[in-house]
Amino acid sequence: MEQNHTMMQFFEWHVRPTGTHWNRLKELAPELKERGIDSVWIPPVTKGQSGDDVGYGVYDLYDLGEFNQKGSVRTKYGLKKELIAAIEACHNVGINVYVDLVMNHKAGADETELFKAIEVDRENRTEELSKPKNIEGWTKFTFPGRKGKYSDFEWNFEHFNGTDYDAKNDKIGVFKIVGDNKDWNDNVDSEFGNYDYLMFANLDYDNQDVQDEMISWGKWLADTLNCNGYRLDAIKHINHEFVHRFAEELYEDRGDDFFFVGEFWKSDLKACQDFLDKINYNMSLFDVSLHYKLHEASQAGKDFDLSTIFEDTLVGSHPNHAVTFVDNHDSQPDEALESWVEDWFKQSAYALILLREHGYPCVFYGDYYGIDGDNPVEGKREAIDPLLYVRRTRAYGEQEDYFDHPNTIGWVRRGVDEFERSGCAVVISNGDDGEKHMCVGEHHAGEVWVDMTGTREEHITIEEDGFAVFPVNGQSVSVWARPEEDVE
């Protein structure tokens with residue numbers, strides 16, 4: 001039996017733009033592995049519209065911090081050689097690396113072009129506000145600093161189907177570019193009438209040259225970095241037929257073990273399930289539904305029925321395709337999709353993703369190491385480390401849920417022979433002090449278990465029938481298991 005797998009999102013929005021992040025990953029890789037992290041999702045590695053860009057305002061897909069473009073050689077996170085060294089350091093200790101890909105748009109064009117476009121309503125992109133008219137858009141990408149190295153493909157307005165600025169009239173809006181067979185793609189999310197357009201210059205995936213160039217780049221990047229998978233950004237805005245083709249081509253190039261997880265940001269579970277159907281289940285998705293339930297639980301306190309926490313979630317319906325998470329760079333305070341899980345519930349939320357049988361859990365850098373910026377947030381490493389330890393060493397075997405009370409829930413993992421001392425009992429309360437009478441199995445009879453979080457100090461002896469009563473403090477979580485050294 002394999003050790004449990006755990007991912008870390010190795011960045012938050014306000015990582016300082018000092019170009020030292022790849023070096024930080026290289027230095028921390030052994031420690032992360034020791035904690036039980038065996039994969040990291042790293043931020044976009046490509047040159048953005050400035051050297052301080054978080055990575056989502058992508059400019060040059062082939063510049064990984066190698067060329068003097070947009071005011072710097074390095075990206076926000078460092079130089080190409082430092083990136084490659086960090087990935088090698090991860091591989092040396094057994095950590096897989098998943099790279100964040102931004103394939104929906106491009107920003108920071110080198111020149112403007114004149115072309116015809118139709119202004120559309122921002123709230124309904126299918127409603128046209130103007131006749132076709134000439135606009136001047138930032139759509140020409142020639143990458144003068146790279147001079148054609150790795151790819152001589154240059155972008156112009158024919159490769160995009162929308163943009164957000166008319167320089168001719170100094171007007172911000174949503175402008176649909178006019179051309180033969182050019183329109184919003186239908187195979188996208190239906191919010192705002194059609195959600196093909198998100199921001200900047202929007203890639204036209206009805207254009208075969210665009211599809212071919214992006215797949216060629218995807219293979220080049222994987223081969224150049226020798227990474228283990230991709231996180232695909234904003235895929236509800238990208239033609240799902242292309243997303244499917246992109247993944248299939250990469251599997252053919254890199255092998256079936258190459259990992260894909262998509263950001264399909266919808267709290268509506270059915271929309272996520274429909275997307276998985278459309279792409280023939282060839283990747284996992286982040287469990288946005290569960291994230292919003294964790295956020296709601298943290299807001300509502302004892303008014304939230306904990307026994308329903310996994311209802312209408314991706315991990316509940318498609319456990320083999322769900323990457324579970326508590327928070328990320330978009331949900332953190334002051335960001336676009338702010339839905340921050342409150343501190344009092346954070347450890348309980350991590351127990352819900354780390355200590356259960358199903359889902360591929362992802363720990364957020366901002367939760368673990370803290371958030372920088374104008375409104376810093378302290379890291380919660382002391383709360384998360386015990387859970388990572390239990391996931392790595394104890395959370396194995398048959399799972400039985402005791403979700404029979406709205407404010408106090410629990411579950412057990414009965415352990416396996418392959419992991420000595422494995423097995424655990426988890427109890428969570430969002431109200432008053434509570435307890436759960438649960439069975440961890442007769443094979444644990446006579447063992448003395450302790451609360452691995454250190455919240456409760458008593459020792460609990462497992463009865464002959466495998467049952468015990470496991471207590472928990474109000475608005476807290478306790479994780480009971482056999483310690484490294486037996487206690488009386």
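None of these values were measured; they are calculated from a predicted model.

A. Geometry of helix 2 (residues 80-92). Taking 1.5 Å of rise per residue, 13 residues should cover 18 Å, and helix 2 covers 18 Å from first to last C-alpha, within 8% of that figure. Buried within helix 2 are the following residues: Lys 80, Glu 82, Leu 83, Ala 86, Ile 87, Ala 89 and Cys 90. As for helix 2, its buried residues are in contact with helix 1 (21-35), strand 2 (39-42), strand 5 (96-101) and helix 3 (208-225).

B. Layout of the sheet that holds strand 5. Ordered in space as 1-2-5-13-14-15-16-17, the eight strands form a closed barrel in which the pairing is parallel. Each strand axis lies, on average, 25 degrees off the axis of its neighbour in the sheet, ignoring direction. Here helix 8 (residues 343-354) sits on the sheet in contact with strand 16 (322-325) and strand 17 (360-364), set at roughly 150 degrees to strand 17.

C. Geometry of the packing of helix 1 against helix 10 (residues 381-393). Running from amino to carboxyl end, helix 1 crosses helix 10 at an angle of 60 degrees, the nearest separation of the two axes being 9 Å. The angle between helix 1 and helix 10 falls in the class oblique. Along its contact with helix 1, which presents Glu 31, Glu 34 and Arg 35, the element helix 10 presents Arg 381, Asp 385, Leu 388 and Arg 392. Counted by class, the contact of helix 1 with helix 10 contains one nonpolar, no polar and six charged residues.

D. Quick peek at the UniProt feature "domain: Glycosyl hydrolase family 13 catalytic" (unreviewed entry) in the chain. UniProt records the feature "domain: Glycosyl hydrolase family 13 catalytic" (unreviewed entry) for residues 5-398 in the present numbering. Taken as a whole, residues 5-398 contains 30% helix and 22% strand, while its terminal C-alpha atoms sit 17 Å from one another.

E. Geometry of the pattern of salt bridges. With the rule as written, the count across this model stands at 36 salt bridges. Between Arg 231 and Asp 100 there is a salt bridge, with the nearest N and O atoms lying 3.0 Å from each other. Residue Arg 231 is located in strand 13 (residues 229-232), and its partner Asp 100 is located in strand 5; the two are separated by 131 residues in the primary sequence. The exposure classification of Arg 231 matches that of Asp 100, with both residues buried. Notably, a salt bridge pairs Glu 263 with Arg 231, separated by 3.7 Å at the nearest N-O pair. With a gap of 32 residues between them, Glu 263 in the loop between strand 14 (259-262) and helix 5 (269-278) and Arg 231 in strand 13 connect regions that are remote in the sequence. For Glu 263, a relative accessible area of 6% gives the class buried. Because the salt bridges share partners, they merge into one network encompassing Glu 31, Arg 35, Arg 381 and Asp 385.

So, how was this worked out
Residues numbered from 1 in each chain as written. Predicted model: local features only at pLDDT ≥ 70, side-chain atom pairs only at ≥ 80, totals over all residues. Heavy atoms only, no water. Helix = DSSP H or I, 4+ residues; strand = E, 2+ residues; numbered from the N terminus. Expected span 1.5 Å × (residues − 1). Buried < 20%, exposed > 50% of the residue type's maximum accessible area, 1.4 Å probe, protein only. Contact = heavy atoms within 4.5 Å. Pairing = 2+ DSSP bridges. Axes fitted to C-alpha atoms, helices over the stretch in contact; angles between N-to-C directions. Parallel < 35°, antiparallel > 145°, perpendicular 65-115°, else oblique. Nonpolar A, V, L, I, M, F, W, Y, C, P; charged D, E, K, R; others polar. UniProt positions renumbered as here; feature names shortened; annotations may be inferred. Salt bridge = Lys/Arg side-chain N within 4 Å of Asp/Glu carboxyl O.

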